[in-house]
Amino acid sequence: MEQEKAKVNRITEGSIFGQLLLFFFPILFGTFFQQLYNTADAMVVGRFVGKQALAAVGGTTSTLINLLVGFFVGLSSGATVVISQFYGAKKSDKVHWAVHTSITFSVIGGIVFMLIGIIGSPFALRAMKTPEDVLGHAMIYIRIYFLGMTANLLYNMGAGILRAVGDSKRPLYFLITSCLINIVLDVLLVAVLRLGVAGAAIATISSQLVSAVLVMTALMRTDDMYRLEWRKLRIDKRMLGRIVRIGVPAGMQSVMYNISNIIIQAGVNTLGTDNVTAWATYGKVDGLYWMMINALGISVTTFVGQNYGAGRIDRVRKGAGACMVIGVVLTGIVGSALYCWGHLLVSLFTTDAQVQSICIKLINFMVPTFFTYITIEILSGTLRGVGDAWMPLIITGIGICAVRVLWITFALPHFHHILGAAFCYPLTWSLTTVAFIIYYQCFSSLKRIRLKSILRYCLGR
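Keep in mind the model is a prediction, meaning the values are calculated, not measured.

Chemist: Sorry, what's going on with the overall build of the protein chain here?
Modeler: Counting secondary structure elements, the protein chain contains 18 helices and zero strands. Across its three principal axes, the protein chain shows a C-alpha extent of roughly 70 × 50 × 35 Å. Buried positions account for 57% of the 461 residues belonging to the protein chain. When contacts within the protein chain are restricted to residue pairs at least 6 apart in sequence, long-range pairs at least 24 apart make up 85% of them. As displayed, the protein chain offers around 18500 Å² of accessible surface, 67% of which is attributable to carbon and sulfur atoms. When the 38 basic and 19 acidic side-chain charges of the protein chain are each reduced to a single mean position, those positions are 8 Å apart.

Chemist: Help me understand helix 15 (residues 390–411), please; the structure alone is not making it clear to me.
Modeler: Helical periodicity: at 3.6 residues per turn, an α-helix aligns residues three or four positions apart in one direction. Compared with the 32 Å implied by 1.5 Å per residue over 22 residues, the 29 Å span of helix 15 between its first and last C-alpha is a close match. Where helix 15 bends most, at Gly 397, the angle is about 35°. Close packing links the buried residues of helix 15 with helix 9 (237–269), helix 14 (374–385), helix 16 (418–422) and helix 17 (424–442).

Chemist: I would appreciate a short explanation of the nonpolar core in the present structure.
Modeler: Across soluble globular proteins, nonpolar side chains have a tendency to be buried as a group. By size, the foremost hydrophobic cluster in this structure holds 140 residues, and its most contacted members are Tyr 226, Tyr 289 and Trp 429. Top contributing element to this core by residue count: helix 3 (residues 51–88), with 17 residues.

Chemist: What's the story with a nonpolar patch on the surface in this structure? I'm lost.
Modeler: A surface patch of nonpolar side chains, about 640 Å² in accessible area, is lined by Leu 180, Ile 183, Val 187, Leu 188, Val 192, Leu 193, Leu 195 and Ile 202. Among the elements that take part in the nonpolar patch, helix 7 (residues 169–192) stands out by supplying five residues, more than any other. The topology assignment puts Val 187 in helix 7. Of the residues examined, Val 187 reaches a relative accessible area of 40% and is grouped as partly exposed.

Chemist: Mind showing me how you'd approach the environment of Thr 331 here?
Modeler: Position of Thr 331 relative to the elements: it lies in helix 12 (residues 313–349). We classify Thr 331 as buried; its relative accessible area is 2%. Sequence separation between Thr 331 and Tyr 289 is 42 residues, and the spatial gap between their C-alpha atoms is 7.3 Å. With residues up to four places along the chain from it excluded, the contact list for Thr 331 reads Tyr 289, Met 292, Ser 336, Phe 370, Phe 371 and Ile 374.

Cut-offs and rules
- Residues numbered from 1 in each chain as written.
- Predicted model: local features only at pLDDT ≥ 70, side-chain atom pairs only at ≥ 80, totals over all residues.
- Heavy atoms only, no water.
- Helix = DSSP H or I, 4+ residues; strand = E, 2+ residues; numbered from the N terminus.
- Buried < 20%, exposed > 50% of the residue type's maximum accessible area, 1.4 Å probe, protein only.
- Contact = heavy atoms within 4.5 Å.
- Areas by Shrake-Rupley, 256 points an atom, 1.4 Å probe, with all protein chains shown as cover.
- Lys, Arg positive; Asp, Glu negative; His and termini not counted.
- Charge placed at Lys NZ, Arg CZ, Asp CG, Glu CD.
- Expected span 1.5 Å × (residues − 1).
- Bend = angle between axes of the 7 residues up to and from the residue.
- Core = buried A, V, L, I, M, F, W, Y, C linked by side-chain atoms within 4.5 Å.
- Patch = residues over 30% accessible without salt bridge, like charges linked within 9 Å, V, L, I, M, F, W, Y side chains within 5 Å.
- Salt bridge = Lys/Arg side-chain N within 4 Å of Asp/Glu carboxyl O.

Read these as spatial facts, not as claims about activity.
Here you go:
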């Protein structure tokens with residue numbers, strides 16, 4: 001056990017690049033397998049059911065699911081930050097109560113979100129102007145999916161706890177296992193038993209249940225300070241307050257992203273089924289990039305949180321810079337691969353020539369603009385890691401979400417094609433990147449901490 005503790009505590013010492021990369025790659029591969037959940041559903045459904053079913057599984061329902069799940073994952077990032085700070089400071093009692101409060105909160109959240117999703121999704125799907133030939137498939141898929149919401153949230157919270165203490169490998173192993181189960185069940189239920197989108201949804205929630213059981217078992221069996229004991233599950237009000245102060249802004253930030261994406265999806269839905277299917281398919285292809293950059297954001301949040309808790313402010317700033325370099329290099333590699341070979345991925349989802357043509361246009365237009373997003377992810381994760389969560393919410397709320405809504409509302413009617421809808425992404429990324437750089441360099445809490453350190457040093461002399 002001591003060997004395990006030594007390994008996870010190296011985040012606060014040693015090579016910054018080395019520790020970040022060792023922590024990042026398991027998260028990246030884990031995110032890849034998590035992405036495969038919906039990707040496998042979309043791929044099998046697109047091949048064996050049809051493009052209407054693909055549009056339902058990959059487009060409209062994904063946007064709604066991401067709205068609720070994204071809010072909880074953002075909220076759970078508050079727990080990750082709090083636990084990583086206390087773990088870095090070696091405060092075992094606070095780690096204990098943070099873990100038990102977080103798991104209790106996940107169970108309650110899973111039940112609430114399940115009810116919201118089952119009851120509210122039909123109204124939301126119609127409000128998004130989902131095409132009639134897609135609506136039936138979407139309704140079936142999303143209602144079954146929300147039945148498994150508690151397991152989904154328990155896995156995400158449990159994996160966040162493990163990453164908070166520096167363990168990014170076991171969440172990867174659990175995801176690989178559940179993803180393989182998902183793929184096998186997809187083929188069995190959709191391709192063999194012909195259950196359609198219902199089969200794909202059953203496969204997904206079954207595999208998510210497996211991942212939840214595995215991560216809970218890992219938390220129960222550890223001898224470290226983050227051990228889970230079910231009889232001690234309860235909400236500690238003070239700890240919940242800490243988690244919520246950091247998690248609510250992150251959750252609201254995710255909600256605003258997804259609401260703006262829902263509005264964009266509604267705009268795309270007016271362009272016809274081919275464009276809706278192409279948009280859904282492109283979302284699966286560029287998911288390769290988003291899983292990479294999101295994994296980097298998770299890495300920097302945990303790295304910063306532990307070093308901030310341990311009082312290593314120098315490593316906080318250097319870690320943010322190192323992640324920026326890693327982000328630029330990996331964006332170049334992944335972006336080049338998507339630009340050159342993205343059409344091969346598109347062909348895995350659909351054989352429809354018109355849909356493929358629209359997808360390739362989206363890839364050629366969007367992929368070169370990915371560089372404009374890197375700073376947003378890294379600086380947002382860095383600020384959350386030190387507990388500065390409200391300004392990232394405000395910056396993204398205005399720079400990304402509000403501008404996207406304005407673009408779809410007023411500009412898309414004049415540029416009524418798929419690239420007209422897509423343009424709002426690089427536009428808002430560029431505006432928000434500038435805002436984040438200005439805040440981080442001139443006004444953030446890290447800037448104030450650095451000034452206080454300089455002042456103490458000068459007075460001490």
